[in-house]
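Here's the letter readout for the chains.
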Amino acid sequence: QVQLVESGGGLVQAGGSLRLSCAASGRTISGYPMGWFRQAPGKEREFVAGISWSGGSTFYVDSVKGRSTISRNNARNTVYLQMNSLKPEDTAVYYCAAGSRGTSWSRADLYVYWGQGTQVTVSS
């Protein structure tokens, strides 16, 4: 199976940037679609971005499109989420996920493996 560990979260001011990393171990992630989700207090887990196994296709929720970039380095077994122009509403715990059971990028229940999350806090 795959173990996922997120890092790179922290406290930033609005307009700042963060680069989240998701390091995989146990098995290569090269054959898995990957996704980033986030969950704010009192809210449901929300899809943020996804990337195909080859990295050739990417998908974003409208609220982050144009200011966030998901990428992967299969040789390093790592997935990244670069977030720019951060807003207070981006504040959440961000989770990395692997292995969607289907073709939907936004459904959390279709992913098999999950990390434990990294906190992103954006101050106004």
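Above this text is the structure in question.
Asks: Teacher, can you tell me more about the pairing of strand β5 (residues 46–51) here?
Replies: For a regular strand, side-chain orientation follows a simple rule: the groups alternate between the two sheet faces. With respect to burial, β5 is a largely interior element, five of its six residues being buried. Taken together, the five bridges between strand β4 (residues 34–39) and β5 define a ladder with antiparallel strand orientation. Bridge pairing in β5 places F37 opposite F47. Linking β4 to β5, which pair antiparallel, is a turn of six residues; within it G42 sits at a positive phi near 75 degrees. With three bridges joining them, β5 and strand β6 (residues 58–60) adopt antiparallel strand pairing. Residue pairing across strands places G50 opposite F59, the latter belonging to β6. In this structure, the hairpin formed by β5 and β6 is closed by a connection of six residues, where G55 is found at a positive phi of approximately 85 degrees.

Asks: What is the right way to look at unusual backbone geometry in this model?
Replies: Glycine aside, negative phi is the norm for most residues, and most peptide bonds take the trans geometry. Positive phi, normally seen in glycine, also occurs at N77, with a value near 55 degrees. Relative to the assigned elements, N77 resides in the loop between β7 (68–73) and β8 (78–83). A relative accessible area of 13% places N77 in the buried class. The residue S85 is not glycine, and still its phi comes out positive at about 50 degrees. Within the secondary structure, S85 sits in the loop between β8 and β9 (92–98).

Asks: I tried to follow the pattern of salt bridges on my own but got confused; where do I start?
Replies: For side chains of opposite charge, pairing can occur when their charged atoms come near one another. This model, assessed by the stated rule, comprises five salt bridges. For D90, the salt bridge goes to R67, with nearest N and O atoms at 2.8 Å. Here the residue D90 occupies a position in the loop between β8 and β9, and R67 occupies one in the loop between β6 and β7, the gap between them amounting to 23 residues. Here D109 ties to R107 by a salt bridge, and the two come within 2.7 Å at their closest N and O atoms. Owing to a relative accessible area of 43%, R107 belongs among the partly exposed residues under this scheme. Salt bridges linked by common partners bring R38, E46, R67 and D90 together as one network.

Reading the values: the criteria
- Residues numbered from 1 in each chain as written.
- Predicted model: local features only at pLDDT ≥ 70, side-chain atom pairs only at ≥ 80, totals over all residues.
- Heavy atoms only, no water.
- Buried < 20%, exposed > 50% of the residue type's maximum accessible area, 1.4 Å probe, protein only.
- Helix = DSSP H or I, 4+ residues; strand = E, 2+ residues; numbered from the N terminus.
- Pairing = 2+ DSSP bridges.
- Salt bridge = Lys/Arg side-chain N within 4 Å of Asp/Glu carboxyl O.

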